[in-house]
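Residue-level structural notes
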Amino acid sequence: MAAGSAIQIPSRLPLLLTHEGVLLPGSTMRTSVDSPRNMQLVRSRLLKGTSLRSTIIGVIPNTSDPTSDCDDLPSLHRIGTAALAVQVVGSNWPKPHYTLLVTGLCRFQILQLLKEKPYPVAEVEQLDRLEQFTNQHKSEEELGELSEQFYKYAVQLVEMLDMSVPAVAKLRRLLDNLPREALPDILTSIIRTSNQEKLQILDAVRLEERFKMTIPLLVRQIEGLKLLQKTRKPKQDDDKRVVAIRPNRRINHIPSTTEDEEEEEDHDDVVMLEKKIRTSSMSEQALKVCLKEIKRLKKMPQSMPEYALTRNYLELMVELPWNKSTKDRLEIRAARILLDNDHYAMEKLKKRVLEYLAVRQLKNNLKGPILCFVGPPGVGKTSVGRSIAKTLGREFHRIALGGVCDQSDIRGHRRTYVGSMPGRIINGLKTVGVNNPVFLLDEVDKLGKSLQGDPAAALLEVLDPEQNHSFTDHYLNVAFDLSQVLFIATANTTATIPPALLDRMEIIQVPGYTQEEKIEIAHRHLIPKQLEQHGLTPQQIQIPQVTTLDIITRYTREAGVRSLDRKLGAICRAVAVKVAEGQHKETKPDRAEVGDGEDCREHVTEDAKPESISETADLALPPEMPILIDFHALKDILGPPMYEMEVSERLSQPGVAIGLAWTPLGGEIMFVEASRMEGEGQLTLTGQLGDVMKESAHLAISWLRSNAKRYQLTNASGSFDLLDNTDIHLHFPAGAVTKDGPSAGVTIVTCLASLFSGRLVCSDVAMTGEITLRGLVLPVGGIKDKVLAAHRAGLKRVIIPQRNEKDLEEIAVNVRQDVRFVLASCLDEVLNAAFDGGFAVKARVERLNSKL
Ligand code: ADP
């Protein structure tokens, strides 16, 4: 502070009277305040003041504030230090007081006391004018000499201290950077001095006098330190001797201090580390960097924070698999069997994966595209990735990218940061310990973006076969070869994958499963896995296929099988309890004997009536094996069904139709509801709709209005102008989800046609398709997922645009058997199919009449 060249303090200063400690310009002091006048000063000046000026106070040393407000002021010390109040902390314990943190600015002298109450204020004269001294001392030779002498002593003193302590190093720098005239005050407050001595320095207004008075203090401190070092020296010499005769010591068992041992161990560690570095197979560039670092490490005191950093870095470098890899054992026939064994269905995906592997087998260093599996959650994307690693005999590592929004997550932090670490790629390599693992980049569609850089851009470098042989993590700061790593990505949708990243990948769609496929997956894979995890055997639990179907239709509604897997887990847990209870009972022979007769009876009836298993399961008797999970048991374990077939109920009024929507979580059925009321021809839309959806609604109304006569559609008062005195409200339930896209067009038309004709839409039909103003039906995307959703919901007919016919080939045969498809190219056909008995009958009759 005192270093500032032109400090101007106010001519009137409020005075803080202190008894303990002396504040010198350029130093900081904490002082406790509890006497009446001082408290008043803090309250009315420091706590209420708003300007910087109001935080400047005069600190008068060696003067205590009277304990009572009424007492007269004692005589004040003539010279004080103007100070800046940096911090005020109030406390009520043990009595009200404040703790002030003040920084000294410069000396002042009291000219006249202006008032005493509520706190003293005085007219003052500033004594230190630093800029003047600076100018003066150039001219005054003697002062120059004095200051030079002082500086030398100061440097000598600081250099005797431990420079590895950051505060000491900082002080050393300050000696050079601060103006010389500020040094006496600052050093006096740092070195060991009594209050009396400090007071003398404060009173030494002339700079020359101040230098003269502080030099002896410095010399005294230096001598003191020398003495201290001397008394310690013999011990240090001993230490050296011990080090020198270390080889003998081992034989003679000369006892040593634990500190010694630790140091020795650390030294050994560093030597070991160096050996490891030299014997590791790291790249030449990395070796060079490591050797340089180890050289630095040897010179560094262990107490330095950088020591640990450097050591961690070197240890990571040694651990990284620079040249270590597993040998690929690739045999396409075995791979096919393994993939088939691990996964049911997903033929398209398995076919592509096999092609990929086959090409790899033929051409070892494949710079092919990165495979990216895109599909709803729980359809086995991750698990296929794991199987690929298994077929290749490689290590597998999953890197979850969901929510990653900092490029350092991929590329690491530079080592200058506190807590810096390598990115996920390098960390993954360290974990697997080989340089050719299979890395599954999970959820690439959920990468975020933030101020900390774009992680997608960092991933580009990782995935680009042209660049990734020299991937440079910021933490490592040397290139690492990633070209042997096999990257596979997964995503729920391609819409949110950054285009540049998408360009590097080959997308393989993994659609949801049909009910039949789910049943097969459950029985072939999920149930055996769950049984094993819960320590159960097929002799203890039996889940028939109808029960699985029940779980699929009434307890889950998903494209994948994850929720199904969880439900099966819940069943296994419940059964495990019963089985364990049963075993417990069996180990108690007396009770079993007592209840023997009853037991038998129970089991006989149970056999005959499998529905009652859940009831008997509640009895404290060992249930007969295997426990059969039927619908009642299901209800008992999983609670009442979560999804009922609500379709027919909801379609029991005119003005409701079922549409089909595509979401990243798979297809879904969507109810569209409409109602009309008296009004002025307004259309209200609710349910979080996007712009395209709103346009579809307007299109649908326009088309219906222009075709109202043809279809005999009337409003409530019988007019063909549908909006005459009528308001329409269209609602798309599940309002929290934003819906957009053109594919609801046909559904809105059907729903409104039902509303205005008063006829019910068939309860087993769902539809999708974009419309035009002239009544044509245009193709839409996601047909397969949508059809599966309709199938899941038990619908029997699906109306799709004619031009989507080609998409039906992808749909499984059994679904095609269950669901009838109506291909429509115009809205007439849609309406005809959506209503029982068709929709255009009246129009045709009328047209005929008019012809006659
Ligand atoms: P995703 O990565 O697509 O979200 P997961 O790979 O985590 O899904 O799959 C969830 C669970 O479902 C896993 O236990 C997996 O084994 C199982 N699973 C999914 N599809 C199949 C399938 N076709 N055959 C066998 N198991 C499957």
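What you see is a predicted model, and the numbers here were worked out from it, not measured in a lab. (Residues numbered from 1 in each chain as written. Predicted model: local features only at pLDDT ≥ 70, side-chain atom pairs only at ≥ 80, totals over all residues. Heavy atoms only, no water.)

Some remarks on the nonpolar core
As a reminder of what qualifies: Note on terminology: a nonpolar core comprises buried Ala, Val, Leu, Ile, Met, Phe, Trp, Tyr and Cys residues joined through side-chain atoms within 4.5 Å. Note on exposure labels: buried denotes an accessible area under 20% of the residue type's maximum, exposed denotes more than 50%, and partly exposed covers the range between, all computed with a 1.4 Å probe on protein chains only. Working definition: helices are DSSP H or I runs of at least four residues, strands are E runs of at least two. Numbering for both runs from the N terminus. Domain delimitation follows an automatic or database domain assignment. Contacts are assigned to residue pairs that have any heavy atoms within 4.5 Å of one another.
Membership of the largest hydrophobic core comes to 51 residues, with the highest contact counts inside it found for L357, F373, I388, I571 and I629. By residue number, the principal contributor to this core is helix α21 (residues 562–586), which donates seven residues. Here this core gathers at least three residues from each of two domains, domain 4 (332–509) and domain 5 (513–580 + 623–644). If we ignore the near neighbours within four places in the chain, the residues touching I571 are I541, I543, I551, I629, L634, I637 and L638. One finds L273, C290, I370 and F487 within the second-largest nonpolar core, a separate group that totals 50 residues.

Considerations on the pattern of salt bridges
Filter applied, for reference: Just to be clear on terms, a salt bridge is a Lys or Arg side-chain nitrogen sitting within 4 Å of an Asp or Glu carboxyl oxygen.
One pass over the structure, following the stated rule, counts 31 salt bridges. Of the charged contacts in the structure, one is a salt bridge between E293 and R415, with a shortest N-O distance of 3.6 Å. One end of the pair, E293, is in helix α10 (residues 284–299); the other, R415, is in the loop between α15 (407–411) and α16 (424–432), and 122 residues separate them in sequence. Judged by relative accessible area, which is 9%, E293 ranks as buried. For R415, a relative accessible area of 24% corresponds to the partly exposed category. Between K390 and D342 there is a salt bridge whose closest N-O contact spans 3.3 Å. With K390 in helix α14 (residues 381–392) and D342 in helix α12 (residues 332–342), the pair connects residues that are 48 residues apart, well separated along the chain. By relative accessible area, D342 is classed as partly exposed at 24%. A single network of salt bridges, built from pairs that share partners, joins E293, R296, E306 and R415.

Some thoughts on the packing of helix α27 (residues 691–706) against helix α29 (residues 745–757)
Working note: a packed helix pair is described by the angle between its axes plus the distance between those axes. Counted only if it meets this: Each axis is a line fitted through C-alpha atoms, taken for helices only over the stretch in contact, and angles between the N-to-C directions span 0 to 180 degrees. Between 65 and 115 degrees an angle is taken as roughly perpendicular, under 35 as roughly parallel, over 145 as roughly antiparallel, and anywhere else as oblique. Left-handed is the label given to a crossing in which the near helix is rotated counterclockwise from the far helix by less than a right angle, and right-handed is the label when the rotation is clockwise. As a working rule, the residues Ala, Val, Leu, Ile, Met, Phe, Trp, Tyr, Cys and Pro are called nonpolar, Asp, Glu, Lys and Arg charged, and the rest polar, with Gly in that last group.
For the pair α27 and α29, the least separation of the axes is 9 Å and the interaxial angle reads 45°. Here α27 lies oblique to α29, going by the angle between them. Considering the relative orientation of α27 and α29, their crossing is right-handed. Between α27 and α29, the contacting residues are M693, S696, A697, A700, I701, W703 and L704 on the first element and G745, I748, V749, L752 and A753 on the second. Grouping the amino acids of the contact of α27 with α29 by side-chain chemistry returns ten nonpolar, two polar and no charged.

So, the sheet that holds strand β24 (residues 820–824)
Each strand in a sheet pairs with another by means of backbone hydrogen bonds, the pair being arranged parallel or else antiparallel. So the rule is basically this: A pair of strands counts as paired when DSSP detects no fewer than two bridges linking them.
With respect to topology, seven strands assemble into an open sheet ordered β18-β19-β17-β16-β20-β23-β24, the strand pairing being mixed. The sheet is open, and its two edges are formed by β18 (683–686) and β24, each paired on a single side. Sheet twist, expressed as the average angle between the axes of neighbouring strands with direction ignored, equals 30°. Pairing analysis gives two bridges linking strand β16 (residues 656–663) to strand β20 (residues 765–767), with the strands arranged parallel. Across the sheet, G659 pairs through a bridge with M767, a residue of β20. The sheet strands contacting α27 are β17 (666–678), β18 and β19 (726–731), and the helix crosses β18 at an angle near 145°. Relative to the sheet, α29 contacts β16, β17, β19 and β20, its axis offset from that of β17 by approximately 35°.

Here's the deal with the pairing of strand β3 (residues 56–60)
Of all the five residues making up β3, five are buried; the element is thus mostly covered by neighbouring parts of the structure. Neither face of β3 is exposed, since I56, G58 and I60 on one face and I57 and V59 on the opposite face are all buried. Relative to β3, strand β1 (residues 12–17) runs parallel, the two being bridged by three bridges. From the neighbouring strand, L17 faces β3, where its bridge partner is I60.

Some remarks on the site of the ligand
Selection criterion: Proximity is defined per residue: if any heavy atom of the residue lies within 4 Å of a molecule or strand, that residue is considered near it. By the criterion applied in these results, polar contacts are pairs of N or O atoms within 3.5 Å in which, for protein atoms, one can donate a hydrogen and the other can accept it, and in which residues neighboring in sequence qualify only through two side-chain atoms. Note on areas: these come from Shrake-Rupley sampling with a 1.4 Å probe, and a residue is covered only by the protein chains present in the view.
Within the structure, the ligand sits among 18 residues, and Y344, G378, K381, T382 and R562 are positioned closest to it. Between the ligand and the protein, one listed contact pairs an oxygen atom with a backbone N or O atom of V379 at 3.3 Å. Measuring from an oxygen atom of the ligand, one finds a side-chain N or O atom of K381 at 2.8 Å. Burial of the ligand by the protein chains amounts to 88% of its free accessible area of 560 Å². Secondary structure elements with two or more residues in the shell around the ligand: α14 and α19 (515–533). Ranked by residue count, the leading element in the shell around the ligand is α19, at four residues. Its residues assigned to classes, the shell around the ligand comprises eight nonpolar, six polar and four charged. No fewer than three residues from each of domain 4 (332–509) and domain 5 (513–580 + 623–644) sit in the shell around the ligand.

Side note on the sheet that holds strand β13 (residues 505–509)
Spatially, β8-β9-β12-β7-β13 is the arrangement adopted by the five strands of the open sheet, whose pairing is parallel. The two strands at the open ends of the sheet, each matched to only one other strand, are β8 (396–400) and β13. On average, each strand axis in the sheet is tilted by 25° relative to the strand beside it, whichever way the strands run. Bridge count between strand β9 (residues 438–442) and strand β12 (residues 486–491): four bridges; the pairing is parallel. If you follow L440 over to β12, its bridge partner there is I488. Most of the contacts of helix α13 (residues 347–362) go to strand β7 (residues 370–374), to which it runs at about 170°, and overall it touches β7, β12 and β13.

Overview of the UniProt feature "active site" (unreviewed entry) in the protein chain
What counts is decided by this rule: UniProt positions are given in the numbering used here, feature names are shortened, and annotations may be inferred rather than shown by experiment.
UniProt annotation of "active site" (unreviewed entry) refers to S743 and K786 when read in the numbering used here. The named residues occupy 44 residues along the chain; their greatest pairwise C-alpha distance, 10.9 Å, places them in one compact cluster. Turning to its location among the elements, S743 is positioned in the loop between β19 and α29. According to the relative accessible area criterion, S743 is buried, its value standing at 15%. Beyond its immediate sequence surroundings of up to four residues, S743 is in contact with L660, T768, G769, E770, V780 and K786. Within the secondary structure layout, K786 lies in helix α30 (residues 783–792). If we ignore the near neighbours within four places in the chain, the residues touching K786 are L660, A661, W662, G667, S743, T768, V780 and G781.

Re the confidence of the model for the protein chain
Atomic detail in the predicted coordinates should be set aside for any region of low pLDDT. Which entries qualify depends on this criterion: Confidence per residue, as judged by the predictor, is encoded in pLDDT with a range of 0 to 100.
When pLDDT is averaged along the protein chain, the result is 81; 85% of the residues meet or exceed 70. Contacts for the low-pLDDT stretch residues 586–623, under 50 throughout, to residues beyond four places or in other chains number 30 contacts. Contacts for the low-pLDDT stretch residues 843–852, under 50 throughout, to residues beyond four places or in other chains number six contacts.

Some remarks on unusual backbone geometry
If a residue is not glycine, its phi is most likely negative; likewise, a peptide bond is most likely trans. For the bond from K117 to P118, the omega torsion is -5°, close enough to zero to count as cis. Following the sequence through the fold, P118 ends up in the loop between β5 (97–115) and β6 (121–126). For N62, which is not a glycine, the phi torsion comes out positive at approximately 60°. Structurally, N62 can be placed in the loop between β3 and β4 (79–91). Taking relative accessible area as the criterion, N62 reaches 43% and is therefore assigned partly exposed.

As for the side chain of N492
Among the structural elements, N492 can be located in the loop between β12 and α18 (499–503). Note on N492: relative accessible area 11%, which makes it buried. In this structure the side chain of N492 is engaged in a polar contact, spanning 2.7 Å, whose partner is the side chain of K446. When neighbours within four sequence positions are excluded, N492 is seen to be in contact with V374, G375, P376, P377, K381, E443, D445, K446 and P664.

Observations regarding the environment of F487
Within the fold, F487 resides in strand β12. On a C-alpha basis, the gap between F487 and C372 in space is 9.0 Å, while along the polypeptide they are 115 residues apart. Beyond its immediate chain neighbours, meaning those up to four positions away, F487 contacts I370, L371, I425, F439, L441, V462, L463, N468 and L482.

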